[in-house]
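Below, each chain spelled out in residue letters.
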Amino acid sequence: SLALLSTVVKLANSNFGESVEEQIFFQHLCAIPLVFPSQWDKVGPRMVDWLTNRDYWLLFNLVASVTSTFAARKAAAAMAGRSPNLLM
């Protein structure tokens, strides 16, 4: 599924131009339905436990991890876009 997503992104970029923020958003949006149903028996009970015990430190850690992942992907995509391509 990741290879198919990468192919669709490359086709869209060649037709409509490149937008890093939009690409990262759609990659995560498409990944959520694939990951959560298959891993919900591991993720769901843990998140419910964090909410019922009001463990806000772990929730903050989750939000910070997701935010830093977005920032790292955006920076990596921007750097890769600026680097010279050997195939060109």
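Right, let's walk through the structure included here. (Residues numbered from 1 in each chain as written. Predicted model: local features only at pLDDT ≥ 70, side-chain atom pairs only at ≥ 80, totals over all residues. Heavy atoms only, no water.)

**Structural notes on the overall build of the protein chain**
Here comes step 1: Secondary structure summary: the protein chain contains three helices and zero strands in total.
Here comes step 2: Written out in order from the N terminus, the α and β elements of the protein chain read α-α-α.
Here comes step 3: Relative to its 88 residues, the protein chain shows a buried fraction of 9%.
Here comes step 4: In the form shown here, the protein chain has an accessible surface area of approximately 7,400 Å², with 68% of it arising from carbon and sulfur atoms. (Helix = DSSP H or I, 4+ residues; strand = E, 2+ residues; numbered from the N terminus. Buried < 20%, exposed > 50% of the residue type's maximum accessible area, 1.4 Å probe, protein only. Areas by Shrake-Rupley, 256 points an atom, 1.4 Å probe, with all protein chains shown as cover.)

**A look at unusual backbone geometry**
Here comes step 1: Even without glycine at this site, Arg54 takes up a positive phi of about 50°.
Here comes step 2: Tracing the sequence through the fold places Arg54 in the loop between helix H2 (20-52) and helix H3 (56-82).

**Observations concerning a nonpolar patch on the surface**
Here comes step 1: Taken together, the side chains of Phe25, Phe26 and Leu29 present a nonpolar region at the surface, about 290 Å² in accessible area.
Here comes step 2: Inspection of the secondary structure assignment puts Leu29 in helix H2.
Here comes step 3: Classification of Leu29 as partly exposed rests on a relative accessible area of 41%. (Patch = residues over 30% accessible without salt bridge, like charges linked within 9 Å, V, L, I, M, F, W, Y side chains within 5 Å. Salt bridge = Lys/Arg side-chain N within 4 Å of Asp/Glu carboxyl O.)

**Considerations on the environment of Met47**
Here comes step 1: Mapping Met47 onto the fold places it in helix H2.
Here comes step 2: Sequence spacing of Met47 and Leu58 is 11 residues, and the spatial spacing of their C-alpha atoms is 9.2 Å.

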